[in-house]
Structures are given as structure tokens and as C-alpha cells.
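Breakdown of the fold
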Amino acid sequence: MHDIRCFVPNCQSRPYAPAGTQSVCKDHFINFLTWRRRRGPQMFLKYAAMTMQDRDAIAAEWQKTIRVDEAPSNSPKT
């Protein structure tokens, strides 16, 4: 775990598992596994054989699919 927090923007959670050379929190790790599973069973075999630098490209591709929530505003909803 190289980072002190999850590498997903605006996520301040502690690292849980590697995603390439970076780390993700538990919730994002589960999301990452689900995303890889949806890409087919060959993704797990292919991912297992990749170097960490190759895994970075897969993690970057997955990161583009995540909707980054902005900080909530202080204005009340009407």
C-alpha cells in the first residue's frame, strides 16, 4: 500500500488492496472486482498474469467509469 488514502479522487478512506501500483479502499476494491467480473472471466486470468504497471492501465480504465461525487453543499434542498 503506497498511498495513505484511496487513489480515487475525493475518497479519503484508508487503503485496503492494490489496484496496480496504487491502492484503493474496500468499497472501491469491491467495485473494481465487480467491474472486472463484468468484463468476462478472461479478465481475471489476464489480470493475474499482468505486471503492476500493466495493471495500472486497467485500473485507470476502471477509474474513468467511477462517478466522482462532489462535496455536498451547505444549501438546504427544497
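One numbering rule holds for all chains: residues counted from 1, following each sequence as written. Per-residue local features of the predicted model are confined to residues with pLDDT of at least 70, and side-chain atom pairs are confined, for both listing and counting, to 80 or more; whole-chain, interface and lining totals are unaffected and use all residues. Water and hydrogen atoms play no part in the side-chain values, which are based on all heavy atoms of the structure.

1. Notes on the overall build of the protein
- Across its full length, the protein holds three helices and two strands.
- The linear arrangement of helices and strands in the protein, starting from the amino end, is β-β-α-α-α.
- Across the 78 residues that make up the protein, the buried fraction comes to 31%.
- With residues, only the protein chains shown are counted as cover, and all accessible areas are computed by Shrake-Rupley using a 1.4 Å probe. With an accessible surface of roughly 5,900 Å², the protein has 52% of that area assigned to carbon and sulfur atoms. Think of it this way: any DSSP run of H or I at least four residues long counts as a helix, any run of E at least two long counts as a strand, and we number them from the N terminus. Exposed residues in this analysis have more than 50% of their type's maximum accessible area, buried residues have under 20%, and partly exposed residues fall in between, with area computed by a 1.4 Å probe over protein chains only.

2. Brief notes about helix α3 (residues 52-63)
- Take the residue count of a helix, subtract one, and multiply by 1.5 Å to get its expected span. The terminal C-alpha atoms of α3, which comprises 12 residues, lie 16 Å apart, in line with the 16 Å expected from a rise of 1.5 Å per residue.
- Turning to α3, its buried residues are R55, I58, A59 and W62. Down the axis of α3, the sector holding all buried residues measures 100°, keeping them to one side.
- Whether two residues touch is decided by their heavy atoms; if any such pair falls within 4.5 Å, the residues are in contact. At its buried positions, α3 is contacted by β1 (17-19), β2 (22-24), α1 (26-38) and α2 (41-48). The arc in question is formed by the directions pointing from the helix axis toward the C-beta atoms.

3. Here's the deal with the side chain of H28
- Relative to the elements of secondary structure, H28 occurs in helix α1.
- Setting aside residues no more than four positions away along its own chain, H28 makes contact with C6, V8, C11, W62 and I66.

4. Let's talk about the packing of α1 against α2
- Where α1 meets α2, the axes come as close as 6 Å, and the angle between the chain directions of the two elements is 115°. Contacts from F32, L33, R36 and R37 of α1 reach α2 at M43, F44 and Y47.
- Across the contact of α1 with α2, the residue classes break down as five nonpolar, no polar and two charged. Only the stretch in contact is used when fitting a helix axis, every axis being a line fitted to C-alpha atoms; angles between N-to-C directions are given from 0 to 180 degrees. Polarity classes work like this: nonpolar for Ala, Val, Leu, Ile, Met, Phe, Trp, Tyr, Cys and Pro, charged for Asp, Glu, Lys and Arg, and polar for all others, with Gly in that last group.

5. Considerations on the side chain of R55
- By the secondary structure assignment, R55 is in helix α3.
- When charges are counted, Lys and Arg contribute as positive and Asp and Glu as negative, whereas His and the chain ends are disregarded. For salt bridges, the criterion is a side-chain nitrogen of Lys or Arg within 4 Å of an Asp or Glu carboxyl oxygen. For R55, which is buried and forms no salt bridge, the nearest opposite charge comes from D54, at a distance of 8.0 Å.
- The contacts of R55, once residues within four sequence positions are left out, are G20, Y47, A48 and M50.

6. Here's the deal with the confidence of the model for the protein
- On average, residues of the protein score 82 in pLDDT, and 82% of them are at 70 or above.
- Note on scores: pLDDT gives the predictor's confidence for each residue, bounded by 0 and 100. Mean pLDDT across the elements of the protein ranges from a minimum in α2, with 84, to a maximum in α1, with 92.
- Counting interchain partners and residues more than four positions distant, the pLDDT-below-50 stretch residues 70-75 has zero contacts.

7. Thoughts on unusual backbone geometry
- One non-glycine residue, N10, adopts positive backbone phi at about 70°.
- The residue N10 is located in the segment before β1 in this model.
- A relative accessible area of 56% means that N10 is categorised as exposed.

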